[in-house]
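# Report on the structure
So the chains spell out like this:
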Amino acid sequence: MTKKRTDPVAFALANGEQPPHVSFNLGENGSDMKLSAETAQRSAPRFGLYGDLAIYSGSAHRELAQKVADHLGVTLGGADVFQFPNSNTFVRLHESVRGKDVFLIQPTSPPTNDNLMELLIFIDTLRRDSAGRITAVLPYYGYGRTDKKDQPRVPISARLAADLIATAGADRFLTIDLHAGQIQGFFSIPTDELPARQLFVEYFKQRQVCPEDTVVVSPDIGGVRRARDLAQRLGLPLAIIEKRRSQDGKETTMYTVIGNVKGKNVIIADDEIDTAGTLTDAARFLRQAGAEQLIAAATHAVFSKPAARRLSNSDISQVVVTDTVPVSAKKRERIGDRLQVISVAPLLGDVIRRIHDGRSVGELFNE
């Protein structure tokens, strides 16, 4: 198949051909300049700023990558990704990506260190094969919770991971719901953080939540903005739990609820569910404050041990998450029917298409 010519002059010069004739016509006052070229195609379709679109996947969440590729109508790129007996990671592409616009999908979810190292090696592989542009797509950004020095002699791992991704050769970074918005500033490359809130808004609107008997709750002060955005778009009131965490991060104490939850159905909104300790403690605290039905809504279903057991034994009637992180069959079975998973594949696919075409991502969210 002959590659379409996005720029006739540049194409001709690059291939040793005579460029098409181009003339400039000036109006009487010299201010009205019009370009006329015998090869101009005013009605031609849009083309990407780089080469052909290519979607690749690491081993962290191939199922999501396949859904994204299907949504875009492209074939998922082939690659061998494995570890040698000495645990060194190795990546080998099945075909050349020279000049292509490559999107590599690899959430750095547990095992975080293995998935992060695989991501870096995969990016280096693409760069050394002369990819036209490499976009690292991390639906879930591991180490995102270590985003500041909140005590002496500790790292800022979120910044370190950002530096590693850029140094490995990524030209862009794409993610969903960072733990803290300032992490975008850690990257020296263009960054797009996509909000998953609209997915939850559509989910709850389909279930016709009632403003008179439902309230959105933030489980801590840090998540107020996220919960407020969800409440605003659903037309629901907002409540906040005052919580304090120990320095080692292992224990939390809840003091009071700012807002009215008595006799209300509650949607507890958060960015991720890790061990589910905070979530189940919040549910128990809200029940004591008089809340009725308890629903959890979180973007990233990390579900570290013992999250599945805690959720299955809690009063939470529904756990609504997205598939930014793969959930094993064993965990799904343990949590049971209360687990509802919303796919982010259409969202990622639409944004990837816009980035490839050089169109605004903000327009997709009316921003």
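Use the structure listed above.
Reading the values: rules and limits
Residues numbered from 1 in each chain as written. Predicted model: local features only at pLDDT ≥ 70, side-chain atom pairs only at ≥ 80, totals over all residues. Heavy atoms only, no water. Buried < 20%, exposed > 50% of the residue type's maximum accessible area, 1.4 Å probe, protein only. Helix = DSSP H or I, 4+ residues; strand = E, 2+ residues; numbered from the N terminus. Right-handed = clockwise from strand over helix to strand, strands pointing away. Core = buried A, V, L, I, M, F, W, Y, C linked by side-chain atoms within 4.5 Å. Axes fitted to C-alpha atoms, helices over the stretch in contact; angles between N-to-C directions. Parallel < 35°, antiparallel > 145°, perpendicular 65-115°, else oblique. Left-handed = near helix turned anticlockwise from the far one by under 90°. Contact = heavy atoms within 4.5 Å. Nonpolar A, V, L, I, M, F, W, Y, C, P; charged D, E, K, R; others polar. 1 Å grid on protein atoms, 1.4 Å probe; cavity = no way out; pocket = protein on both sides within 12 Å on 5 of 7 lines; lining within 4 Å. Points joined across faces, edges and corners; volume = space filled by probe spheres on them. Phe/Tyr/Trp six-rings, centres within 6.5 Å; stacked < 30°, edge-to-face > 60°. Lys NZ or Arg CZ within 6 Å of the ring centre and 35° of its normal.

Here the focus is the pairing of strand β8 (residues 172–176). For β8, a buried count of five out of five residues is recorded, marking the element as mostly surrounded by other parts of the structure. On β8, burial covers both faces: Arg 172, Leu 174 and Ile 176 on one face and Phe 173 and Thr 175 on the other are all buried. In the classification by handedness, the crossover that spans strand β7 (residues 133–138), the intervening helix α4 (residues 157–168) and the parallel β8 is right-handed.

Another aspect to go through is the nonpolar core. Ranked by size, the top nonpolar core spans 41 residues in total, and within it Leu 194, Phe 204 and Leu 348 carry the most contacts. No other element matches the six residues that helix α10 (residues 345–357) contributes to this core. Of all hydrophobic cores here, the second largest spans 32 residues; its members include Tyr 56, Phe 122, Ile 165 and Ala 170.

Between helix α2 (residues 62–72) and α10, whose axes approach to 8 Å, the crossing angle comes to 55°. One way to sum up the angle between α2 and α10 is to call them oblique. Here α2 and α10 pass one another in a crossing that is right-handed. Together, Leu 64, Lys 67, Val 68, His 71 and Leu 72 of α2 and Ala 345, Pro 346, Leu 348, Gly 349, Asp 350, Ile 352 and Arg 353 of α10 make up the contact between the two elements. Per-class residue counts for the contact of α2 with α10 are seven nonpolar, two polar and three charged.

It is worth spelling out the environment of Asp 229 at this point. Relative to the elements of secondary structure, Asp 229 occurs in helix α6 (residues 224–234). The class for Asp 229 is buried, based on a relative accessible area of 14%. Note: C-alpha distance between Asp 229 and Val 216 (13 residues apart in sequence) is 9.8 Å.

Take empty space enclosed by the protein next. Summed over the entire model, instances satisfying the criterion amount to one cavity of 30 Å³ or more. There is about 50 Å³ of room inside the largest cavity. What lines the largest cavity is simply Tyr 140, Tyr 141, Gly 144, Arg 145, Asp 177, Leu 178, His 179, Asp 271, Glu 272 and His 300. Split into classes, the residues belonging to the lining of the largest cavity amount to three nonpolar, three polar and four charged.

Enumeration over the complete set of coordinates arrives at eight aromatic pairs. A ring pair is formed by Tyr 141 and Phe 173, whose centres lie 5.5 Å apart and whose planes are at 70°; its orientation type is edge-to-face. With Tyr 141 in the loop between β7 and α4 and Phe 173 in strand β8, the pair connects residues that are 32 residues apart, well separated along the chain. For Phe 173, a relative accessible area of 0% translates into the label buried. Ring centres of Phe 173 and Phe 187 lie 4.0 Å apart, and the angle between their planes is 15°; on these two criteria the pair is classed as stacked. Residue Phe 173 is found in strand β8, and its partner Phe 187 is found in the loop between β8 and β9 (191–194); the two are separated by 14 residues along the sequence. Using a relative accessible area of 8% as the deciding quantity, one classes Phe 187 as buried. Ring pairs connect the aromatic residues Phe 82, Phe 84 and Phe 90, which therefore count as one cluster. Taking NZ or CZ as reference, Arg 207 lies 3.6 Å from the ring centre of Tyr 203, over its face.

Here we come to the packing of helix α3 (residues 112–128) against α4. Following both chains from N to C, one finds α3 and α4 inclined at 20°, their axes separated by 8 Å at the closest point. The pairing of α3 with α4 is recorded here as roughly parallel in orientation. Of the residues in α4, those touching α3 at Leu 119, Leu 120, Ile 123, Asp 124 and Arg 127 are Leu 164, Ile 165 and Ala 168. Each residue belonging to the contact of α3 with α4 can be placed in one class, and the counts come to six nonpolar, no polar and two charged.

Glycine aside, a negative phi is what most residues show, and trans is what most peptide bonds show. The omega torsion across Pro 110 and Pro 111 is 0°, close enough to zero to call that bond cis. Of note, the bond from Lys 305 into Pro 306 is cis; its omega dihedral lies within 30 degrees of zero at 10°. If you check the backbone angles, Arg 153 has positive phi at about 60° while not being a glycine. Its identity as a non-glycine residue notwithstanding, Asp 177 has a phi of 45°, on the positive side.

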